[in-house]
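One letter stands for each residue in the lines below.
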Amino acid sequence: MIRCKNALTGAQEVYVQGKFSLEKWKTYIEKVFPGCASLFLSDVDSCLATGKYTWEGDFLPVLEAVPGHPGLQEMERHFSAVTKGMEERVLSLFGCSMDVEIVLYLGLLNGAGWVTEVNGRLHVLLGAEKILELGWQGMDAMRGLVWHELGHVYQARWGTLERETENKEEAFVWQLFTEGVAMVFEQLLSGDDDYFHQDRDGWKAWCDAHFVQLLSDFAADLPHMTFQNQRFFGDWASYERKGDVGYYLGAKFVRHLMQKTPFDRLITWDTQQVYEQFCRYKEEICSQAKNWRD
């Protein structure tokens, strides 16, 4: 069963005269997710450890913008609208559902959307502060965000989402694949094979025009790609001043695989299968592009 909860009630207690209190936030989060504060705090520590961000300069301004944010009520309204009837929609399209709870909550910039296990149960965690920072409180963006995270849940429930590999290149191709699966899940729910919730200000048209270069550069980056220097995933990453291009590339890759393999079988593949198919895909596309140029 898909359960939905707006956990922003009580979040106002986190602020003292408009200032964010980490100690009060810990009390708040313990009420929402008992015994799980360390899940969020350790994520923050990992981010700060990179040296690219500071608590005072990058985290606090976003957190303290929440109480008076003009998009706060809009976000809550659209969360309610998007999640209403979600169980029935997924059942009608896929013939099965998922045991998951979707929670809108006040996080610590852990992500606009995050699929993780909390107290033994799979959750889609929607960070209100991050959604507002990104300007994703609108109906289309909220719908895309929820659908995307449910795509990850669908793979976790009916295939395998998390796979371990010591091969760094396989790991990043696996990320490309899983994000592509979630994007295609969005498209299936929307009924539009070209749907991308990121498509604003000509984003998709630009990605279409630069597809071969995107694919080639992703493959070229793999040998030295790290969490810190990758250019393809997350709002902090930028490729030629464009964000989220890895999600576009992942969807293209998964759509290619679906020409021969059904979606529900694809999500059961292992990392080696995915990596081998990616290498073939890259060679095929780049070879075709070269022939066209010649």
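Okay, so let's go over this structure.

Criteria and cut-off values
Residue indices follow the written sequence of each chain, beginning from 1 at its first position. It should be noted that, the model being predicted, local features are given only for residues of pLDDT at least 70 and side-chain atom pairs only at 80 or more, the latter also being counted only at that level, while totals for whole chains, interfaces and linings use all residues. To get the side-chain values, all heavy atoms of the structure are used, and hydrogens and water are removed first. Stacked, edge-to-face and tilted are the three classes for Phe, Tyr and Trp ring pairs, Trp counted by its six-membered ring, which pair at centre distances within 6.5 Å; planes under 30 degrees apart are stacked, over 60 edge-to-face, the rest tilted. Secondary structure is summarised from DSSP: a helix means a run of H or I of at least four residues, a strand means a run of E of at least two, and numbering begins at the N terminus for each. Between buried and exposed lies partly exposed: a residue is buried under 20% and exposed over 50% of the maximum accessible area for its type, with that area taken using a 1.4 Å probe on protein chains only. For a lysine, the NZ atom is tested; for an arginine, the CZ atom; a charge sits over a ring if that atom is within 6 Å of the ring centre and within 35 degrees of the ring normal. Paired strands, in this sense, are two strands between which DSSP finds at least two bridges. Comment: axis = line fitted to C-alpha atoms, over the contacting stretch for helices; angle = value between 0 and 180 degrees taken between N-to-C directions. The contact rule is simple, with two residues in contact once any of their heavy atoms fall within 4.5 Å. Under this scheme an angle from 65 to 115 degrees is roughly perpendicular, one under 35 degrees roughly parallel, and one over 145 degrees roughly antiparallel; angles in between are oblique. Under the grouping applied here, Gly and all other residues not named as nonpolar or charged are polar, the nonpolar ones being Ala, Val, Leu, Ile, Met, Phe, Trp, Tyr, Cys and Pro and the charged ones Asp, Glu, Lys and Arg.

Quick look at the packing of aromatic side chains now. Counted by the stated rule, this structure contains 26 aromatic pairs. Their ring planes at 75 degrees and their centres at 5.7 Å tell us that Phe218 and Phe278 sit as a pair that is edge-to-face. Here the residue Phe218 occupies a position in helix α10 (residues 211–221), and Phe278 occupies one in helix α13 (residues 271–293), the gap between them amounting to 60 residues. Phe278 shares its class with Phe218; the two are buried. Between Phe253 and Phe278, the aromatic rings sit 5.6 Å apart at their centres with planes inclined by 90 degrees, giving edge-to-face as the arrangement. Of this pair, Phe253 sits in helix α11 (residues 245–257) while Phe278 sits in helix α13; the two residues are 25 residues apart in sequence, bridging distant segments of the chain. In terms of burial, Phe253 and Phe278 fall into one category: buried. Linked through ring pairs, Trp206, Phe218, Phe232, Phe233, Tyr239, Tyr247, Phe253, Phe278 and Tyr281 together constitute an aromatic cluster. The side chain of Arg157 reaches across the aromatic face of Trp158, ending 3.9 Å from its centre. Between the NZ or CZ atom of Lys252 and the centre of the ring of Phe211, over which it lies, the distance is 4.6 Å.

The subject of this paragraph is the sheet that holds strand β5 (residues 114–118). Strand order across the open sheet formed by four strands is β1-β4-β6-β5, with mixed pairing between neighbours. Across the chains shown, the open sheet's two edge strands, defined by having one partner strand only, are β1 (2–6) and β5. The mean angle between the axes of side-by-side strands here comes to 25 degrees, regardless of whether they run parallel or antiparallel. Here helix α7 (residues 139–158) sits on the sheet and contacts β4 (100–105), β5 and β6 (121–127); the angle it forms with β6, its principal contact strand, is near 160 degrees.

For any two helices packed against each other, the geometry comes down to the angle between their axes and how far apart the axes lie. Where helix α8 (residues 168–190) meets α11, the axes come as close as 7 Å, and the angle between the chain directions of the two elements is 80 degrees. Judged on the interaxial angle alone, α11 and α8 are roughly perpendicular. Listed contacts from α11 to Leu176, Phe177, Glu179, Gly180, Val181, Met183, Val184, Gln187 and Leu188 of α8 are Gly246, Tyr247, Leu249, Gly250, Ala251, Phe253, Val254, Arg255 and Leu257. For the contact of α8 with α11, the residue count by class is twelve nonpolar, four polar and two charged.

Before going further, it helps to examine unusual backbone geometry. The residue Leu109 is not glycine, and still its phi comes out positive at about 60 degrees. Position of Leu109 among the secondary structure elements: in the loop between β4 and β5. One non-glycine residue, Asn119, adopts positive backbone phi at about 50 degrees. On the secondary structure map, Asn119 appears in the loop between β5 and β6. The exposed category is assigned to Asn119, whose relative accessible area is 54%.

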